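Residues per chain, in single letters:
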Amino acid sequence: MSYLRVVSGSCFALGTAALVLVGCMASCRSSNSNSAGAAAPVVGPIEMLRIPSLDRISRGDPEATLNRQESGWRITTKRQWTYAAAVPLLSIRGKGNVQVHCQTATGSVQFGLLNNKNEFVATKTIDKGTGPQEVSLPISSSDDVTLLIVRSAAPQGDVSDALVESVDLVVPATKLIDVANLENIVPAYAYATVEKGRPTRVVTAAQQYSYAARVPLSWAKTGGGFALVQIRAQARSGQVGFGVLDRSGNFQAIESTTPSPKAMDFFVPVSAPGKAGDLIVRNEAKNAASEVVIDNVTVWILR
């Protein structure tokens, strides 16, 4: 399961041995060395990028139930209009849509997109007996959507029961072909291990928030816009964070992963590509090393 956490501050926030701090400072300096004279990146065709988001789901109303099923999440609630569950969405600052695959067994369930002003910008209600449904909720560039809300639209006291099989944020984007290359990954700390290959294996040191590896990203001449760094990876132990540094050595966001049975896609938002640095892999676990295998790193610009 993954979640997005906004952080700020220096590149290494905890007091540790001097060697850790020196290694981190060196990483910060090297991560911001993009050449202004670099050639423009090769850009692929516009694609519809699908960002899985259902694993971020959490219960809202304490009287609602949220249970993991083999094919998705089952949500049951009997309180009309009360937020039964919420799915955090990446704030893309662009156009797109949220696609939901679901089935309503009883009652009536409404899906709605909530913006940062706590206002619904799009809603869709699915009644019982309609079978499997694909709900598409549009997002405009000015909506600033933050959450997908699931709530009952049935009369108060009537039970609404729905199975949500997937929630995907779908956005038009182009791939920057030569901005990221996993083969260029390097260790970011003396006590971390990097084994190059396909996949690449990274084992962090035990210090929480210590850097383990760095993937150089060639942001020069990428222009403006909003970018996403996609990391396909599988955490094997502990908790690993992926983040993109800016030129001052701070993270805009950290995408974190815990152990999973298979590789998953993680997306780190980059709001200002012209000021961005390299991709950092760091340890999020407390007093324990973490291990992750990385299949690929891809950079996208939203259109």
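Computed from a predicted structure; not experimentally measured.

Novice: Give me the lowdown on the overall build of the chain, citing residues and values where you can.
Specialist: Counting secondary structure elements, the chain contains one helix and 22 strands. Counting only residues that meet the buried cut, the chain has 51% of its 303 residues in that class. Considering only intrachain contacts with a sequence separation of at least 6, the fraction spanning at least 24 residues in the chain is 79%. Carbon and sulfur atoms make up 51% of the accessible area of the chain, which amounts to about 13,300 Å² in all.

Novice: Residues and numbers for the environment of Ala-212, please.
Specialist: By the secondary structure assignment, Ala-212 is in strand E16 (residues 211-215). Once the C-alpha coordinates of Ala-212 and Tyr-191 are considered, the two residues, 21 residues apart in sequence, prove to be 8.0 Å apart.

Novice: Requested: an account of the nonpolar core, with residues and values cited.
Specialist: Membership of the largest hydrophobic core comes to 39 residues, with the highest contact counts inside it found for Val-100, Phe-111, Leu-113 and Leu-148. No other element matches strand E12 (residues 160-176), which puts six residues into this core. With near-sequence residues (within four places) excluded, Leu-113 lies in contact with Leu-89, Val-98, Glu-119, Phe-120, Val-121, Ala-122, Leu-137, Pro-138, Ile-139, Val-145, Leu-147 and Leu-148. Listed in part, the 34 residues of the second largest apolar core include Val-179, Val-194, Val-215 and Val-270.

Novice: I'd love a proper account of the packing of aromatic side chains, names of residues and values included.
Specialist: Inspection of the entire model under this criterion finds four aromatic pairs. Ring plane angle 70° and centroid distance 6.0 Å describe the contact between Tyr-211 and Phe-251, whose orientation is recorded as edge-to-face. Placement of the pair is Tyr-211 in strand E16 and Phe-251 in strand E19 (residues 251-257), with a sequence separation of 40 residues. Here Tyr-211 matches Phe-251 in class, with each residue buried. Centre to centre, the rings of Phe-242 and Phe-266 are 6.0 Å apart; their planes meet at 35°, and the pair counts as tilted. With Phe-242 in strand E18 (residues 240-246) and Phe-266 in strand E20 (residues 264-270), this pair connects stretches of sequence that are 24 residues apart. Relative accessible area serves as the criterion here: at 0%, Phe-242 is assigned to the buried category.

Novice: So what about the pairing of E20? Which residues, and what values?
Specialist: Among the seven residues that make up E20, six are buried, leaving the element largely enclosed by the rest of the structure. In the sheet, strand E17 (residues 227-237) pairs with E20 via seven bridges, with the strands oriented antiparallel. Note that in E20 the partner of Ala-233 across the bridge is Met-264.

Novice: Break down unusual backbone geometry for me, with residues and values.
Specialist: Between Arg-198 and the following residue, Pro-199, the backbone shows a cis peptide bond with an omega angle of 5°. With respect to the element layout, Pro-199 can be found in the loop between strand E14 (193-195) and strand E15 (200-203). Positive phi, close to 70°, is recorded for Trp-81, a residue that is not glycine. You can see Trp-81 is positioned in the loop between strand E5 (72-77) and strand E6 (83-88). Accessibility expressed as a relative area gives 37% for Trp-81, which makes it partly exposed.

Novice: Could you give me a rundown of the confidence of the model for the chain, with the residues and numbers involved?
Specialist: Note: predicted coordinates in regions of low pLDDT should not be interpreted at a detailed level. Across the chain, the average pLDDT comes to 87, with 86% of residues at 70 or higher. In this model, residues 1-37 is a region of pLDDT below 50 whose contacts with residues beyond four sequence positions or in other chains number 79 contacts.

Novice: Could you give an account of the pattern of salt bridges, with specific residues and numbers?
Specialist: Enumeration over the complete set of coordinates arrives at twelve salt bridges. Ionic pairing is found between Asp-61 and Arg-79, a salt bridge with its closest N-O pair at 3.0 Å. Of this pair, Asp-61 sits in the loop between strand E3 (58-59) and strand E4 (65-69) while Arg-79 sits in the loop between E5 and E6, and the two are 18 residues apart along the sequence.

Novice: Describe the side chain of Ser-160, naming the residues involved and giving the relevant values.
Specialist: Among the secondary structure elements, Ser-160 is positioned in strand E12. At a separation of 2.8 Å, a polar atom in the side chain of Ser-160 contacts the side chain of Ser-152. Non-local contacts of Ser-160, meaning those with residues more than four positions away in its chain, are made with Ile-75, Thr-76, Thr-77, Thr-106, Gly-107, Ser-108, Val-109, Ser-152 and Ala-154.

Reading the values: rules and limits
- Residues numbered from 1 in each chain as written.
- Predicted model: local features only at pLDDT ≥ 70, side-chain atom pairs only at ≥ 80, totals over all residues.
- Heavy atoms only, no water.
- Helix = DSSP H or I, 4+ residues; strand = E, 2+ residues; numbered from the N terminus.
- Buried < 20%, exposed > 50% of the residue type's maximum accessible area, 1.4 Å probe, protein only.
- Contact = heavy atoms within 4.5 Å.
- Areas by Shrake-Rupley, 256 points an atom, 1.4 Å probe, with all protein chains shown as cover.
- Core = buried A, V, L, I, M, F, W, Y, C linked by side-chain atoms within 4.5 Å.
- Phe/Tyr/Trp six-rings, centres within 6.5 Å; stacked < 30°, edge-to-face > 60°.
- Pairing = 2+ DSSP bridges.
- pLDDT = per-residue confidence, 0-100.
- Salt bridge = Lys/Arg side-chain N within 4 Å of Asp/Glu carboxyl O.
- Polar contact = N/O pair within 3.5 Å; in protein donor to acceptor, adjacent residues only side chain to side chain.

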